[in-house]
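A closer look at the structure
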Amino acid sequence: MGVSGGFRVFIAFLLSGIAPSANPCIASALVIYAVYTLDRTIPCAEDRVNQLGCWNADRRAGVVVCATAYAAGALLFAWDGLLLVPLLPLITGYLYTRGVSIAGRSLKLKRGAGVKNLVIGLTWGASIALVIAHWASNAIVPCCILLFFGVKLFINSTLFDMKDMEGDLSAGIRTIPACLGVRRSRLLLAFLSLILHLAMALLIFQGYIRPESIIIGYSGLIGVLFISLYSVEWEHQTEGVKRYLRQLFIDGESTLSLFLRFFTGMLQVAIFPGSI
């Protein structure tokens, strides 16, 4: 998850037409790893079903690893003057997992159909947009980045909820798949992905973002086709390649799209030496 998050920031630089900087990419990977691992470290009722291995793990070791990774990431962000970026996911992550009590009522962002997915999309989308805003010459480009990654992560987190429906329902968490069912949730996510990539195509046509056709094309293909064909039963298999398709195509999307971009670029140079 952390490596994939670092590559998302790298992709954001490419889409923005800004020369990628290594520091925020590495820092993002460390902070994302820390926040997601901390969520697994803090015990939640649904983990008894969804993450039994995490429920029985040594949580003290997890907290130490999270703190170390987060501190390293925050220092790298501070090196570039990006002080707010690591704070946003940390604060949101705490409210997401633990929540706060206000006037005797518990506020926890993890509850409510679509609320947790909206929080995830906005948090990470805004974090990536803040990184780009530091180097961007106008406010439109970071808004485009927020739109792309915000909606993408909303879609991806909702897709992950399909596998975790049993544990979420046992903990009283009403996710989108729990409310709509798997079939209608797939249709909703595929439709959102289609609209998003049509919007990105329009933004490319208007010249607001760079025409990274391999990255946007791969994202659109996976977003519509894979989500439409996704089956929860794949991940319930005890063996076989299908069990790992979501991790490969969705979790590893940024890594695969960058590999395809690099490979096609090298192929173009080999076939047409004077084209680049």
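Residues numbered from 1 in each chain as written. Predicted model: local features only at pLDDT ≥ 70, side-chain atom pairs only at ≥ 80, totals over all residues. Heavy atoms only, no water.

Some remarks on the overall build of the protein chain
Selection rule: Elements are defined by DSSP. Helices are runs of H or I of four residues or more, strands are runs of E of two residues or more, and each kind is numbered from the N terminus. The rule is simple: take the accessible area with a 1.4 Å probe, protein chains only, and divide by the maximum for that residue type; under 20% is buried, over 50% is exposed, in between is partly exposed. Residue contacts are defined here by distance: any two heavy atoms, one from each residue, within 4.5 Å place the two residues in contact. Here, Shrake-Rupley sampling with a 1.4 Å probe gives the accessible areas, and only protein chains in the shown set may cover a residue.
The secondary structure content of the protein chain amounts to 15 helices and two strands. The buried share of the protein chain, taken over its 276 residues, is 44%. Pairs at least 24 apart in sequence give 68% of the contacts found in the protein chain among residues at least 6 apart. Roughly 14100 Å² of accessible area belongs to the protein chain as shown, and the carbon and sulfur atoms make up 69% of that amount.

A short note on helix H1 (residues 2-16)
In plain terms, the rule: Expected helix span is computed as 1.5 Å times (number of residues minus one).
Counted at 1.5 Å a residue, the expected span for H1 with its 15 residues is 21 Å, and the 21 Å between its end C-alpha atoms agrees. With 12 of 15 residues buried, H1 is to be regarded as a mostly interior element. Buried within H1 are the following residues: Gly2, Ser4, Gly5, Gly6, Arg8, Val9, Ile11, Ala12, Phe13, Leu14, Leu15 and Ser16. Looking one or two residues past H1, Gly17 carries a phi angle of roughly 75°, positive in sign.

Things to note about the packing of helix H8 (residues 140-163) against helix H11 (residues 182-205)
Applied cut-off: To define axes, lines are fitted to C-alpha atoms, for helices over the stretch in contact only, and angles between the resulting N-to-C directions are given on a 0 to 180 degree scale. Working rule for angles: under 35 degrees goes down as roughly parallel, over 145 as roughly antiparallel, 65 to 115 as roughly perpendicular, anything else as oblique. By convention the crossing between two helices is left-handed if the near helix lies anticlockwise of the far one by an angle smaller than a right angle, and right-handed if it lies clockwise.
Direction vectors running N to C along H8 and H11 enclose 165°, while the axes themselves pass 10 Å from each other. One finds that H8 runs roughly antiparallel with respect to H11. Of the two elements, H8 crosses H11, and the hand of that crossing is left-handed. Together, Cys144, Leu147, Phe148, Val151, Lys152, Phe154, Ile155, Thr158, Leu159 and Met162 of H8 and Val182, Ser185, Arg186, Leu189, Leu192, Ser193, Leu196, His197, Met200 and Leu203 of H11 make up the contact between the two elements.

Some points on the packing of aromatic side chains
We apply this condition: Aromatic rings from Phe, Tyr and Trp, with only the six-membered ring used for Trp, were paired whenever their centres fell within 6.5 Å, and each pair was classed as stacked if the ring planes differed by under 30 degrees, edge-to-face if by over 60, and tilted otherwise.
A complete count under the given rule lists four aromatic pairs for this structure. Taking the centre distance of 5.5 Å and the plane angle of 65° together, the rings of Phe13 and Trp135 count as edge-to-face. Residue Phe13 is located in helix H1, and its partner Trp135 is located in helix H7 (residues 115-135); the two are separated by 122 residues in the primary sequence. Where Tyr36 meets Trp124, the ring centres are 5.8 Å apart and the plane angle is 15°; that geometry is what we call stacked.

A word on the environment of Val115
The residue Val115 is located in helix H7 in this model. Put simply, Val115 and Arg174 are 59 residues apart on the chain and 9.5 Å apart in space, counted from C-alpha to C-alpha.

A word on the side chain of His197
Relative to the assigned elements, His197 resides in helix H11. Each residue touching His197, except ones within four places of it in the same chain, is listed here: Phe148, Lys152, Ile216, Ser219 and Gly220.

Considering the packing of H11 against helix H12 (residues 213-229)
Put simply, the test is: Amino acids are sorted into nonpolar (Ala, Val, Leu, Ile, Met, Phe, Trp, Tyr, Cys and Pro), charged (Asp, Glu, Lys and Arg) and polar (every other residue, Gly among them).
Closest axis-to-axis distance for the H11/H12 pair is 8 Å, and the angle between their directions is 165°. Here H12 runs roughly antiparallel to H11, going by the angle between their axes. Our pair here, H11 against H12, has a crossing hand that is left-handed. Along the contact surface, H11 presents Arg186, Leu189, Ala190, Ser193, Leu194, His197, Met200 and Ile204, while H12 presents Ile216, Ser219, Gly220, Gly223, Val224, Ile227 and Ser228. For the contact of H11 with H12, a count of residues per class yields eight nonpolar, six polar and one charged.

Re the pattern of salt bridges
This is how it is decided: Should a side-chain nitrogen of Lys or Arg be within 4 Å of a carboxyl oxygen of Asp or Glu, the pair is scored as a salt bridge.
Applying the stated criterion across every chain yields a total of four salt bridges. For Lys116, the salt bridge goes to Asp161, with nearest N and O atoms at 3.0 Å. Remark: Asp161 occurs in helix H8 and Lys116 occurs in helix H7; sequence separation between them is 45 residues. In this structure Lys116 comes out as buried when scored by relative accessible area, which is 7%. Here Lys152 and Glu253 are joined by a salt bridge, their closest N and O atoms 2.7 Å apart. Of the two residues, Lys152 sits in helix H8 while Glu253 sits in helix H15 (residues 253-271), which places them 101 residues apart along the sequence. You'll find Lys152 and Glu253 in the same group, each marked buried. Connected through salt bridges with shared partners, the residues Arg210, Glu212 and Arg261 form a single ionic network.

Fair warning: the whole summary comes from geometry, so function is off the table for now.
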